[in-house]
Amino acid sequence: QVQLVESGGGLVQPGGSLRLSCAASGIIFSIGVMGWYRQAPGKQRELVASITSDGVTTYVDSVKGRFTISRDNAKNTVNLQMDSLKPEDTAVYSCNADLKIYRFLDYVTYWGQGTQVTVSS
């Protein structure tokens, strides 16, 4: 059974940093795009950043220059380094990944359980 497990959330003061990690485990043939989403109370979920298997990254405008997404293909992990955090970054952050469990099957999107990030003084 495939699982995505996140870690690294918590409470941080404005201007501080946090690093989120997400590890995929189980029977995995290959992983396509991996990404981080967030959802703040009363708001729609939004894509924060994504990264392809070749390392091509995308970011939502509000985090450009402050967040960095990276992945380790050997360890099936994706990380989100968040610097210069602002109160408006407060949300539940979830990772997702397009996984193929066997060579001849299609990619399926899996989600982690989510981790709370709170930016407050």
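These lines cover the structure that appears in this document, whether it is placed above or below. Everything quoted here is computed from the prediction, not taken from an experiment.

Rules used in this analysis
Residues numbered from 1 in each chain as written. Predicted model: local features only at pLDDT ≥ 70, side-chain atom pairs only at ≥ 80, totals over all residues. Heavy atoms only, no water. Phe/Tyr/Trp six-rings, centres within 6.5 Å; stacked < 30°, edge-to-face > 60°. Lys NZ or Arg CZ within 6 Å of the ring centre and 35° of its normal. Helix = DSSP H or I, 4+ residues; strand = E, 2+ residues; numbered from the N terminus. Contact = heavy atoms within 4.5 Å. Patch = residues over 30% accessible without salt bridge, like charges linked within 9 Å, V, L, I, M, F, W, Y side chains within 5 Å. Areas by Shrake-Rupley, 256 points an atom, 1.4 Å probe, with all protein chains shown as cover. Salt bridge = Lys/Arg side-chain N within 4 Å of Asp/Glu carboxyl O. Buried < 20%, exposed > 50% of the residue type's maximum accessible area, 1.4 Å probe, protein only.

**Structural notes on the packing of aromatic side chains**
Applying the stated criterion across every chain yields a total of one aromatic pair. The cationic tip of Arg-45 hangs over the ring face of Tyr-37; the distance from NZ or CZ to the ring centre is 5.6 Å. The aromatic ring of Trp-111 is capped on one face by Arg-45, whose charged end is 4.1 Å from the ring centroid.

**Considering the environment of Phe-67**
Relative to the assigned elements, Phe-67 resides in strand 7 (residues 67-72). Along the sequence, Phe-67 and Ala-49 sit 18 residues apart, while their C-alpha atoms lie 8.3 Å from each other. Other than its neighbours up to four places away in sequence, Phe-67 contacts Arg-38, Val-48, Tyr-59, Leu-80, Gln-81, Met-82, Asp-83, Leu-85, Asp-89 and Tyr-93.

**Comments concerning a nonpolar patch on the surface**
Judged by side-chain polarity, Ile-27, Tyr-102 and Leu-105 come together as a nonpolar surface patch covering roughly 310 Å² of accessible area. Note on Tyr-102: relative accessible area 48%, which makes it partly exposed.

In short, shape yes, function no, at least from these values alone.
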